[in-house]
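Structural features, examined
Chain by chain, the residues:
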Amino acid sequence: MRRARRAAAAPGGALEDAVEAMRRCDVLAGVSAMEGGIERVYLSPEHARANAQAGEWLELAGMRAWEDAAGNIRGSYPGATEDAPVLVLGSHLDTVPDAGRYDGILGVMIAIAVVGRLHAHGARLPFGIEVIGFADEEGVRFGRTLLGSCAVAGTWDEAWLDLADGDGVTLRDALAAFGLDPARVGDAALDPARVVGYLEAHIEQGPLLLDAGRPLGVVSGIMGAKRFDLAMEGEAGHAGGVPMRHRRDALLGAATAALAVEQVALAEGVVGTVGEMRVAPGAANVIPGRAEFSLDVRAATDAERDRAWARIRALAVEAAGARRLQFTESLRHVAPATSSERRLSEAVEHGISVATGDREPMELLSKAGHDAMAIAALAPYAMLFVRCGNGGVSHQPDESVEVGDVALAIDAFEAAILAVAQRWQPLA
Ligand code: GLV
Ligand code: MN
Ligand code: MN
């Protein structure tokens, strides 16, 4: 194990690679639409700048870099033969509003660091490697997540072109303004017959590794998620003139539904979040006539997720009835629960053992969504989790990782890829 660790770290040293990977996360943190914070959404000027920067790093690591038909930035590293299939590595470069600097970004930088090492050694594996910085995982701009990875997986849906952002700009128009052809986004798809598998490194976005005192973990699968646009319609009125008992206050109905989400999630062992709420007409002296809110519900299996939603829905309908409101629902996004592939996960476990000496790496079910769940439609996947600091917080500026953990992650990811190469048998 020691020997493998030393070999993996040559020639620059794991710590040096980790410092550089984190410096690159800092550089991208500065590519932001938000004053004093990080926000980088799909098909924005910041997306273009981040791709240009990531493209330079891909080339520095010995790859040919290009932007694909969906706006993902990609780099290819050749295999031992010209017709070799590819192992895909990646994560995303887009962010939520007021984001941390590591969610998604660190995984791309770890992948680039590992290919940089292979390049420095002149290594050629039985497969080529493609590193992808996915352009949209968070779904912030158009409400539908995983657009970049769905395009690569071949599950891009033309109907999504009609989705509009908060300013009414359609995905079709945003793609064209970015310089992409909306009719050709499907060209980003990889041929499943040419893909060996997909490996993604990502920060954990939770406290389990931190609590267990372990720097790295292997992901067993990713929870299934559904997102809804919900609304309560009541009647606006004068905040002074309308007696309390006569009111049809839409916000109170929405608030009752939000509390029901917490109640059901706790009872059913799932996670549910109301992360958006808009009240109209929105004035201190007007009773809310309409409240629109989101729901994100996730569970280990699709059946558990759907059972929780059915209970939440029943309680929301009841809350609406009690206040003479109209409740409406619209499904925004569905992601089925997925499992990582056993042999690829064993390679990740092997990588963790090589890097850390931990013979029984910790296994975690991811409650956060990842590009891997979209790529699962294309190829088997496995994931490496890196411990988060600060109690495991993510999706906010206090997100943190330790440089020593990033060094171990780079070593582990490299060892995992070498293990896949060693065990992989080309088709006859
Ligand atoms: C993405 O970060 C998600 O889990 O929503
Ligand atoms: Mn995220
Ligand atoms: Mn992420």
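Predicted model only: the values in this text are computed from it and were never measured.

Rules and cut-offs
Residues numbered from 1 in each chain as written. Chains lettered and ligands numbered in written order. Predicted model: local features only at pLDDT ≥ 70, side-chain atom pairs only at ≥ 80, totals over all residues. Heavy atoms only, no water. Helix = DSSP H or I, 4+ residues; strand = E, 2+ residues; numbered from the N terminus. Rg over C-alpha atoms; globule rule 2.2 N^0.38 Å. Buried < 20%, exposed > 50% of the residue type's maximum accessible area, 1.4 Å probe, protein only. Contact = heavy atoms within 4.5 Å. Areas by Shrake-Rupley, 256 points an atom, 1.4 Å probe, with all protein chains shown as cover. Donors = N, O, S within 2.8 Å, 3.2 Å for Na, K, Ca; no water. Near = heavy atom within 4 Å. Polar contact = N/O pair within 3.5 Å; in protein donor to acceptor, adjacent residues only side chain to side chain. Nonpolar A, V, L, I, M, F, W, Y, C, P; charged D, E, K, R; others polar. Domains from an automatic or database assignment. Phe/Tyr/Trp six-rings, centres within 6.5 Å; stacked < 30°, edge-to-face > 60°. 1 Å grid on protein atoms, 1.4 Å probe; cavity = no way out; pocket = protein on both sides within 12 Å on 5 of 7 lines; lining within 4 Å. Points joined across faces, edges and corners; volume = space filled by probe spheres on them. Expected span 1.5 Å × (residues − 1). Arc of directions from axis to C-beta.

Looking only at helices and strands, the protein chain features 12 helices and 16 strands. A globule of 428 residues ought to have a C-alpha radius of gyration of about 22 Å, and the protein chain, at 23 Å, matches this closely. Along the longest, intermediate and shortest principal axes, the C-alpha atoms of the protein chain span 80 × 45 × 45 Å. Of all 428 residues assigned to the protein chain, the portion counted as buried reaches 54%. When contacts within the protein chain are restricted to residue pairs at least 6 apart in sequence, those whose partners lie at least 24 apart make up 79%. Of the roughly 18100 Å² of accessible surface on the protein chain, 51% is carried by carbon and sulfur atoms.

Right, let's talk about the coordination of the manganese ion (ligand 3) for a bit. Taken together, His 92 (NE2), Asp 103 (OD) and His 202 (NE2) make up the full set of protein donors to the manganese ion (ligand 3), lying 2.0 to 2.3 Å away. Mapped onto the sequence, the donors of the manganese ion (ligand 3) take the spacing H-x10-D-x98-H.

In the region of ligand 1, the neighbouring residues are Glu 137, Glu 138, Arg 227, Arg 298, Ala 368, Gly 369 and His 395. At 2.7 Å from an oxygen atom of ligand 1 is found a side-chain nitrogen or oxygen belonging to Arg 298. One nitrogen or oxygen atom from the side chain of His 395 is found 3.1 Å from an oxygen atom belonging to ligand 1. Coverage of ligand 1 by the protein amounts to 93% of the 190 Å² it exposes when considered alone. When the residues that make up the shell around ligand 1 are grouped by side-chain class, the tally is 1 nonpolar, 2 polar and 4 charged.

Take the domain arrangement of the protein chain next. The domains assigned to the protein chain are domain 1 (12-223 + 337-423) and domain 2 (224-335). Distance from the C-alpha centre of domain 1 to the C-alpha centre of domain 2: 34 Å. Counting residues at the interface gives 13 residues for domain 1, matched by 13 residues for domain 2. Between the two partners, domain 1 and domain 2, sit 3 residue pairs in polar contact (both at pLDDT 80 or more). Residue composition of the side of domain 1 that touches domain 2, grouped by class: 7 nonpolar, 3 polar and 3 charged.

This paragraph deals with the packing of aromatic side chains. Summed over the entire model, instances satisfying the criterion amount to 4 aromatic pairs. Judged by centre distance (5.4 Å) and plane angle (80°), the rings of Trp 156 and Trp 160 are edge-to-face. Considered together, Trp 156 and Trp 160 belong to a single accessibility category, that of buried residues. For the pair Phe 228 and Trp 309, a centre-to-centre distance of 3.8 Å together with 20° between the ring planes defines the contact as stacked. Remark: Trp 309 occurs in helix α9 (residues 302-322) and Phe 228 occurs in strand β7 (residues 224-233); sequence separation between them is 81 residues.

What the rule picks out here adds up to 3 cavities of 30 Å³ or more. Estimates place the volume of the largest cavity at around 40 Å³. Together, Arg 40, Val 41, Tyr 42, His 47, Ala 50, Leu 93, Asp 94, Phe 134 and Ala 135 line the largest cavity. Residue composition of the lining of the largest cavity, by class: 6 nonpolar, 1 polar and 2 charged. Roughly 40 Å³ of volume is contained in the second largest cavity. Considering the residues around the second largest cavity, the lining is formed by Thr 95, Val 96, Ala 99, Gly 100, Asp 103, Glu 138, His 395 and Glu 399. Residue composition of the lining of the second largest cavity, by class: 2 nonpolar, 3 polar and 3 charged.

Before going further, it helps to spend a moment on the coordination of the manganese ion (ligand 2). In the first shell of the manganese ion (ligand 2), the protein supplies Asp 103 (OD), Glu 138 (OE), Glu 138 (OE) and His 395 (NE2), at 2.0 to 2.8 Å from the metal. Counting gaps between the donor residues of the manganese ion (ligand 2) yields the pattern D-x34-E-x256-H. Separating the manganese ion (ligand 2) from the manganese ion (ligand 3) is a distance of 3.5 Å, and Asp 103 supplies a donor atom to each of them. Here Asp 103, found in the loop between β3 (86-92) and α4 (105-121), pairs with His 395, found in the loop between β16 (381-386) and α12 (403-423); they are 292 residues apart in sequence, far enough to count as distant. Given the relative accessible area of 39%, His 395 is considered partly exposed.

Compared with the 22 Å implied by 1.5 Å per residue over 16 residues, the 23 Å span of helix α3 (residues 45-60) between its first and last C-alpha is a close match. For α3, the full list of buried residues reads Glu 46, His 47, Ala 50, Asn 51, Ala 54, Gly 55, Trp 57 and Leu 58. One or two positions beyond α3, positive phi appears at Gly 62, with a value near 90°.

What follows covers α9. Compared with the 30 Å implied by 1.5 Å per residue over 21 residues, the 30 Å span of α9 between its first and last C-alpha is a close match. Listed in full, the buried residues belonging to α9 are Arg 305, Ala 308, Trp 309, Ile 312, Ala 316, Ala 319 and Ala 320. An end-on view of α9 places all buried positions within 110° of arc, on one side of the element. Turned more than 90 degrees away from the buried face of α9, the exposed residues are Ala 303, Glu 318, Gly 321 and Ala 322. Against the buried residues of α9 lie β7, α8 (250-268), β12 (290-299) and β13 (326-335). Immediately beyond the C-terminal end of α9, within one or two residues, lies Arg 324, with a positive phi of roughly 55°.

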